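Here are the chains, one letter per residue:
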Protein chains: 2
Amino acid sequence: MFGVTILGNNSALPAYDRHPTAQVITLNEQIFLIDCGEGTQMQLSRFKVRRGRINHIFISHLHGDHYFGLPGLITSMGLMGRDNELHIYAPAKLEEIIQLQLDVSGTALPFRLHFHILGDDAILVDNTKYTIESFRVFHRIDCWGFLIKEKKKPRRIDKDKAIAHEVPLAYYERLKNGDDYETRSGEVVKNEWVTTPNTPGKSYAYCADTKFDASIAARVKGVSMLYHETTYLKNLPERAFERFHSTTEQAAEIATLAQTQKLLIGHFSSKYEVLDEFLAEASAVFPNTDLALEGVTYLVP
Amino acid sequence: MFGVTILGNNSALPAYDRHPTAQVITLNEQIFLIDCGEGTQMQLSRFKVRRGRINHIFISHLHGDHYFGLPGLITSMGLMGRDNELHIYAPAKLEEIIQLQLDVSGTALPFRLHFHILGDDAILVDNTKYTIESFRVFHRIDCWGFLIKEKKKPRRIDKDKAIAHEVPLAYYERLKNGDDYETRSGEVVKNEWVTTPNTPGKSYAYCADTKFDASIAARVKGVSMLYHETTYLKNLPERAFERFHSTTEQAAEIATLAQTQKLLIGHFSSKYEVLDEFLAEASAVFPNTDLALEGVTYLVP
């Protein structure tokens, strides 16, 4: 399972029971939190996400609607007796803010907090199963998006064929990696004779708050699912530009350029009560678009 | 109208759709906010309190469940184009926290923010209609309660009688203040012959987070309505003491000692889903008790 659960889909001013930005990424057994607007801990409870399973939190930038829920979430994790380390990937100044708030409240957390500073094209997490990178987007203050990539899974061995070709068991790991096998007599057993391709790794890009910039599409090209903000409808491109935000059409154009399979749009301005037009306008340009609705999980295709 | 609307009645860990502490005090045309836990701006919307009318915010102490909603509320006020000055009465360090958060986000508020530091027995606001004082309570970190007192209204003039006694119009203001009138011939017109007493000023005390301490009752003696925390039921006095909180019985004892007309209890621990026992236990000691329920307005008697 690789999916995105929306906790908050609104821009800065909460409205119409829409909340500031927060998303939970589920990747098999892992849960990641991306951004943490005010009320995220309540939204986690509301949508029955177990906060104890969150070990990595990614904060795109230091506008409050993307992190004002973090001090409360951290404090609550402490009150619940968490002892797992918590990793926070964020702009540099966040550590100072959190530390000041812990200090004035006399709070000693029962778990370790690790801060990691975001960078342009930085690899934040890299293990055998996935990588998470940050990449620059174009907002009024320093802001980064995140790209989560499942690693391409190893090839599947067709055991009957491998035995028929007399490939020794000890060589199976190399087969999974795509290597050919050479017998003692020098005969080459082509990898594809004895293995089949596995599912390709899926990927998800979160483009945070940004104005339209085609370089983002290039950066995340071929991503399976793309989240792009659409603060405004298409008739307000000047306002979007001035405020370093995007319109529906611009998000859909990024999705088209990035050749993604699916576009998810969110960060709706509180000037809009109804969201139908967002979906209609974006879908007109990029058909496989979904509104990011709170409490809904969108599977990465 | 002098009343208290509860926005959040829970202790630190939000649970069962109960929110961290926040209360709105309505005193005629004035609205004050006391404490501002995470999500307060959403609760203000939910209960249709117009945030633009809030000009004074009081923060009892710097545990996050009493102020983590403040940066978001201030930022949203700015986004909504507020231009009225906003006064914040809080422990000294709050200004540094808010300023740091505004700085990192590059936010220039369109209104002036004034910070006032709380003190023991400090008069925070004093005008012709009411006073607001802070007084020390007894929590793990520095913490203050707030006492809001309507000023005793002037006496009401019985116009027919005043005319019959030939009191000149120019003297009516002194009549309202309770003065007698002496005629030119030296005859004394007793104030009570020509005026009637007005409603006595009402008062409300918010005792924040505190362990049981009888000095609080002495400090707010005779207050019309008293809010006192009851984090725990009466069977956990040791836990309450260790954590600088109070039980139902302790809150009710403070109400009895303070000779208040009405007790409001809140700050319920998230270990309790149902609140019936809180009301039963406190009422057994102090009958005129109400649970502080979110969205409900309690009139000061």
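Residues numbered from 1 in each chain as written. Chains lettered and ligands numbered in written order. Predicted model: local features only at pLDDT ≥ 70, side-chain atom pairs only at ≥ 80, totals over all residues. Heavy atoms only, no water.

The name an unreviewed UniProt entry assigns to chain A is Ribonuclease Z, from the organism Filimonas lacunae. Reading the Sequence similarities (unreviewed entry) entry of the UniProt record for chain A gives the comment "Belongs to the RNase Z family." As recorded by UniProt, the Subunit (unreviewed entry) comment attached to chain A reads in full: "Homodimer." (UniProt positions renumbered as here; feature names shortened; annotations may be inferred.)

A. Region of interest: helix α3 (residues 93–104) of chain A. Helix length check: α3(A) (12 residues) gives 17 Å between terminal C-alpha atoms against 16 Å at 1.5 Å per residue, within 8%. Restricting attention to buried positions, one finds in α3(A) the residues A:Leu94, A:Ile97, A:Ile98, A:Leu100, A:Gln101, A:Leu102 and A:Val104. On its buried face, α3(A) is in contact with α2 (70–79), β5 (86–90) and β6 (113–117) of chain A together with α3 (94–104) of chain B. (Helix = DSSP H or I, 4+ residues; strand = E, 2+ residues; numbered from the N terminus. Expected span 1.5 Å × (residues − 1). Buried < 20%, exposed > 50% of the residue type's maximum accessible area, 1.4 Å probe, protein only. Contact = heavy atoms within 4.5 Å.)

B. Representation of the UniProt feature "active site" (unreviewed entry) in chain A. All names here are of chain A. Under the feature "active site" (unreviewed entry), the UniProt entry names Asp 65. Along the polypeptide, Asp 65 turns up in the loop between β4 (54–58) and α2. The buried category is assigned to Asp 65, whose relative accessible area is 12%. The contacts of Asp 65, once residues within four sequence positions are left out, are Ser 11, Ala 12, Pro 20, Thr 21, Gly 37 and His 267.

C. The arrangement of the sheet that holds strand β15 (residues 225–229) of chain A in detail. Residue and element names in this part refer to chain A. Spatially, β7-β8-β9-β14-β15-β16-β17 is the arrangement adopted by the 7 strands of the open sheet, whose pairing is mixed. Every other strand in the sheet has two partners, leaving β7 (122–126) and β17 (289–291) as the edge strands with one partner each. Neighbour-to-neighbour, the strand axes of the sheet open up by a mean angle of 20 degrees, direction not taken into account. The sheet contacts of helix α9 (residues 248–258) involve β15 and β16 (262–266), and relative to β15 the element is tilted by about 155 degrees. Here helix α10 (residues 276–285) sits on the sheet and contacts β16 and β17; the angle it forms with β17, its principal contact strand, is near 165 degrees. (Pairing = 2+ DSSP bridges. Axes fitted to C-alpha atoms, helices over the stretch in contact; angles between N-to-C directions.)

D. Region of interest: the packing of α3(A) against α3(B). The geometry of α3(A) relative to α3(B) is characterised by a closest axis approach of 10 Å and an angle of 170 degrees between their N-to-C directions. Judged by the angle between their axes, α3(A) and α3(B) are roughly antiparallel. The interaxial crossing formed by α3(A) with α3(B) has left-handed handedness. Residue-level inspection shows A:Lys93, A:Glu96, A:Ile97, A:Leu100, A:Gln101 and A:Val104 of α3(A) in contact with α3(B), the latter providing B:Glu96, B:Ile97, B:Leu100, B:Gln101 and B:Val104. Classifying every residue of the contact of α3(A) with α3(B) by side-chain character gives 6 nonpolar, 2 polar and 3 charged. (Parallel < 35°, antiparallel > 145°, perpendicular 65-115°, else oblique. Left-handed = near helix turned anticlockwise from the far one by under 90°. Nonpolar A, V, L, I, M, F, W, Y, C, P; charged D, E, K, R; others polar.)

E. Spotlight on the side chain of B:His66. Examined against the element boundaries, B:His66 turns out to sit in the loop between β4 (54–58) and α2 (70–79). Discounting residues that sit within four places of it in the chain, B:His66 has contacts with B:Thr21, B:Asp35, B:Cys36, B:Gly37, B:Ile59, B:Ser60, B:His61, B:Tyr206, B:Asp209 and B:His267.

F. Structural view of the relation of the copies chain A and chain B. Of the transformation placing chain A onto chain B, the axial shift is 0.2 Å and the rotation is 179 degrees, giving an RMSD of 0.2 Å. The two molecules are tied by a two-fold rotation axis, judged by turn and shift. When C-alpha distances to the rotation axis are compared across chain A, the minimum falls at A:Gly39, with a value of 2.7 Å. (Least-squares fit on C-alpha atoms with pLDDT ≥ 70 in both.)

G. Inspection of the domain arrangement of chain A at higher detail. If you check the domain split of chain A, you get domain 1 (2–148 + 202–299) and domain 2 (156–196). A straight line from the C-alpha centre of domain 1 of chain A to that of domain 2 of chain A covers 43 Å. (Domains from an automatic or database assignment.)

H. Summary view of the packing of α9(A) against α10(A). All names here are of chain A. Their axes nearest at 8 Å, the elements α9 and α10 cross at an angle of 35 degrees. At the point where α9 passes α10, the crossing takes the right-handed sense. Of α10, the residues touching α9 (which contributes Thr 248, Glu 249, Ala 252, Glu 253 and Thr 256) are Phe 278, Glu 281, Ala 282 and Val 285. Along the lines of polarity and charge, the residues of the contact of α9 with α10 split into 4 nonpolar, 2 polar and 3 charged.

I. Structural context of the interface of chain A and chain B. Between chain A and chain B, the contact holds 31 residues from the first and 31 residues from the second. Taking both partners together, chain A and chain B bury about 2600 Å²; carbon and sulfur atoms supply 68% of that area. In terms of surface lost to chain B, no three residues of chain A exceed A:Glu38, A:Phe68 and A:Val104, which account for 24% of the buried area on that side. Run the count over chain A and chain B and you get 0 salt bridges. At 6 residues, α3(A) tops the list of elements feeding residues into the side of chain A that touches chain B. A breakdown of the residues in the side of chain A that touches chain B according to their chemical character gives 15 nonpolar, 12 polar and 4 charged. (Buried area = accessible area lost by both parts, 1.4 Å probe. Salt bridge = Lys/Arg side-chain N within 4 Å of Asp/Glu carboxyl O.)

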